[in-house]
Amino acid sequence: MMNFKIRQFQPEDAESLARFGNNDKIARNLRNAFPHPFSIENAIWYINNYGVKPGQCVKAIAVNGEAVGTIGVIMQDDIHCKSAELGYWLGEPFWNKGIVSAAIKEMCEFIFAEYDIVRIYAEVFSYNIGSQKALEKAGFQLEGILKRSIYKNGQIYDSCIYALVK
């Protein structure tokens, strides 16, 4: 596995996040809030908003000091206040190197230690087998399949709910 580090965003991360994030293979597996193309302006907005909002813990995934992806959780509220939703993306040159599974493990350990959370979950598009495998490798279990729950690029898909509980 390649060495990586999960760290706070830095202003200079915008260029590398834009370079690695501007990839249709990444965008097709994320919510529509993640634009494609993903410009340097989008990366600056991402760093300035997702890196600092209350109720969120979003960090850069860095390889050799360069931000090549992101990972984070959004704390839920109301009756779901002990749960957090996990999300992540990684630049394509770094796929299939064990980075995402290891980053998921590290991030979840941090969240369980630092926040009053008992459940971390992720919703994965049913066709994203790589992400499903990464979650399973990190200890997540498939809780269920939500039939026809995703509308992406003019198509309707199922989604899979994975969770890790404390």
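So, a few notes on the structure that sits alongside this text.

Thresholds applied
Each chain has its residues counted from 1, following the order in which its sequence is written. Given that the model is predicted, a residue must reach a pLDDT of at least 70 before its local features are reported, and side-chain atom pairs must reach 80 or more before they are shown or counted; all residues, however, enter totals for whole chains, interfaces and linings. By convention in this description, side-chain values take in all heavy atoms of the structure and omit both hydrogens and water. Structural elements are reduced to axes, namely lines fitted to C-alpha atoms, with helices fitted over the stretch in contact, and the angle between N-to-C directions of any two is expressed from 0 to 180 degrees. By definition, any uninterrupted DSSP run of H or I lasting at least four residues is a helix, any uninterrupted run of E lasting at least two residues is a strand, and each is numbered from the N terminus. Roughly parallel covers angles under 35 degrees, roughly antiparallel covers those over 145, roughly perpendicular covers 65 to 115, and oblique covers all other angles. When the near helix sits turned anticlockwise from the far one by under a right angle, the crossing is termed left-handed; a clockwise turn instead gives a right-handed crossing. Here a residue-residue contact requires only that any non-hydrogen atoms of the pair lie within 4.5 Å. Under the grouping applied here, Gly and all other residues not named as nonpolar or charged are polar, the nonpolar ones being Ala, Val, Leu, Ile, Met, Phe, Trp, Tyr, Cys and Pro and the charged ones Asp, Glu, Lys and Arg. Note on classification: 1.4 Å probe, protein chains only; a residue is buried when its accessible area is under 20% of the maximum for its type, exposed when over 50%, partly exposed between these limits. Joining through side-chain atoms within 4.5 Å is the link that ties buried Ala, Val, Leu, Ile, Met, Phe, Trp, Tyr and Cys residues into a set, and such a set is a nonpolar core.

1. So, the packing of helix α4 (residues 99–114) against helix α5 (residues 129–137)
In step 1: Look at α4 against α5: their axes get within 8 Å of each other, and the N-to-C directions meet at 45°. Considered as vectors, α4 and α5 are oriented oblique to each other. Every pair of crossing elements has a handedness; the one defined by α4 and α5 is right-handed. For the pair α4 and α5, the contacting residues are V100, S101, I104 and K105 in the first and A134, L135 and K137 in the second.
In step 2: Among the residues making up the contact of α4 with α5, the classes are represented as 4 nonpolar, 1 polar and 2 charged.

2. Some words on the environment of Q10
In step 1: Looking at the secondary structure, you find Q10 in the loop between β1 (5–7) and α1 (13–21).
In step 2: C-alpha separation for the pair Q10 and W45, spaced 35 residues apart in sequence, amounts to 12 Å.

3. Some remarks on unusual backbone geometry
In step 1: In this structure, the amide linkage connecting H36 to the following residue, P37, adopts the cis form with an omega of 5°.
In step 2: Residue position: P37 is located in the loop between α2 (24–27) and α3 (40–50).
In step 3: Phi at N64 is positive, roughly 55°, even though this residue is not glycine.
In step 4: Positionally, N64 belongs in the loop between β2 (56–63) and β3 (66–75).
In step 5: We classify N64 as exposed; its relative accessible area is 78%.

4. Describing the nonpolar core
In step 1: Core analysis: the biggest nonpolar cluster contains 50 residues, and I71, L86, I104, I120, L135 and F140 have the highest contact counts within it.
In step 2: For this core, the element with the highest residue contribution is α4, accounting for 8 residues.
In step 3: Leave out the neighbours within four places in its chain, and I104 touches I71, L86, Y88, A134, L135, A138 and F140.

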